[in-house]
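Structure assessment
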Amino acid sequence: MALTCKLNRDILRTTSCGYSLPEVKDIYLANYADVTTTVSADTGGCEEVATIVLSNDEKFYHIEPAKNSTTFEDTLVVEDNGNKYRTHSLTFNISGKYDACLHRDLDNLALGRYVAVVATADGSYLMLGRLGGLEAETATISGGGDNNGMQIVLSGNVTESSVPLSQTAIEVVLG
């Protein structure tokens, strides 16, 4: 990734015109240790995840979150000493019957480290935690009232913004 720390193109409504609906529809998680990626830039310097290689027979696991429960953030953090980095955060709820398998899933989500891909309603796929992985900040199961089900918050400090995926990379994620 070649950062120049200088803006190198115009950002106009006429060149970025289109509908945008970044609502997350689907989540795909892979174990961080099993994922290798490369980022490539086009002639204009625009970057995307070009390739994803999964070790052995590993895969991305599809999570269908509860409706309207999912958010992601890619936030710049500036510390008092001037250090800058980003925090990626992914929050989602899983509804359904809490059984022996979901119990195990809750523990795995709480204790593992993951690379996440979010699929948005406008057809975009974005990778979070590519360079350092995401780990659970919160893993809650609750019942009663409006808070039924599991809520997971995965987050991680990273040194790049979330990266869009190429069509080739999307095909690997989708299996």
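The following refers to the structure shown. (Residues numbered from 1 in each chain as written. Predicted model: local features only at pLDDT ≥ 70, side-chain atom pairs only at ≥ 80, totals over all residues. Heavy atoms only, no water.)

Here's the deal with the overall build of the protein
Scanning the protein for helices and strands turns up two helices and 11 strands. Sequence-ordered secondary structure for the protein, helices as α and strands as β, is β-β-β-β-β-β-α-β-β-β-β-β-α. Taken over the C-alpha trace, the protein has a radius of gyration of 17 Å; the compact-globule value for 175 residues is 16 Å, and the two agree within 12%. Based on the C-alpha atoms only, the size of the protein along its principal axes is roughly 50 × 40 × 40 Å. For the protein, with 175 residues in total, the buried portion stands at 35%. By sequence separation, contacts in the protein at least 24 residues apart represent 65% of the contacts at least 6 residues apart. For the protein, the accessible surface area stands at approximately 11,000 Å², while carbon and sulfur atoms represent 48% of it. (Helix = DSSP H or I, 4+ residues; strand = E, 2+ residues; numbered from the N terminus. Rg over C-alpha atoms; globule rule 2.2 N^0.38 Å. Buried < 20%, exposed > 50% of the residue type's maximum accessible area, 1.4 Å probe, protein only. Contact = heavy atoms within 4.5 Å. Areas by Shrake-Rupley, 256 points an atom, 1.4 Å probe, with all protein chains shown as cover.)

Thoughts on the pattern of salt bridges
What the rule picks out here adds up to three salt bridges. For E23, the salt bridge identified is with K25, shortest N-O distance 3.0 Å. Residue class for E23 comes out partly exposed when judged on its relative accessible area of 30%. Across the pair R130 and E160 runs a salt bridge whose closest N-O atoms are separated by 2.7 Å. Of the two residues, R130 sits in the loop between β8 (125–128) and β9 (134–142) while E160 sits in the loop between β10 (149–158) and β11 (163–164), which places them 30 residues apart along the sequence. Each of the two residues, R130 as well as E160, counts as buried. (Salt bridge = Lys/Arg side-chain N within 4 Å of Asp/Glu carboxyl O.)

Describing unusual backbone geometry
One non-glycine residue, N56, adopts positive backbone phi at about 50 degrees. Looking at where N56 falls in the secondary structure, it is placed in the loop between β3 (47–54) and β4 (61–63). Unusually for a residue other than glycine, N68 sits at a positive phi of about 60 degrees. Secondary-structure assignment places N68 in the loop between β4 and β5 (71–78). The class for N68 is exposed, based on a relative accessible area of 64%.

Let's talk about the side chain of S162
Note that S162 resides in the loop between β10 and β11. On the accessibility criterion, S162 (18% relative accessible area) is buried. Those residues within four positions of S162 in sequence are excluded, and the remaining contacts are D74, H88, M127 and L128.

Some thoughts on the nonpolar core
Within the largest apolar cluster, 19 residues are counted, with the highest numbers of intra-cluster contacts made by L29, F92 and L109. Other than its neighbours up to four places away in sequence, L109 contacts L29, I63, I94, Y114, A136, M150, I152 and L154. Grouped together as the second largest cluster of nonpolar side chains are 18 residues, I52, L54, F60 and V115 included. (Core = buried A, V, L, I, M, F, W, Y, C linked by side-chain atoms within 4.5 Å.)

Focus: the side chain of T120
In this fold, T120 is placed in strand β7 (residues 113–120). Those residues in contact with T120 that lie beyond four places of it in its chain are L21, P22, E23, V24, K25 and F72.

Examining the layout of surface pockets
Here the second largest pocket is characterised by a volume of approximately 280 Å³. Along the wall of the second largest pocket there are 13 residues; nearest its centre are L29, Y61, I63, D105 and L109. Put simply, the parts of the chain that give the lining of the second largest pocket at least two residues each are β1 (24–31), β4 and α1 (100–111). Taken together, the residues of the lining of the second largest pocket break down into eight nonpolar, three polar and two charged. (1 Å grid on protein atoms, 1.4 Å probe; cavity = no way out; pocket = protein on both sides within 12 Å on 5 of 7 lines; lining within 4 Å. Points joined across faces, edges and corners; volume = space filled by probe spheres on them. Nonpolar A, V, L, I, M, F, W, Y, C, P; charged D, E, K, R; others polar.)

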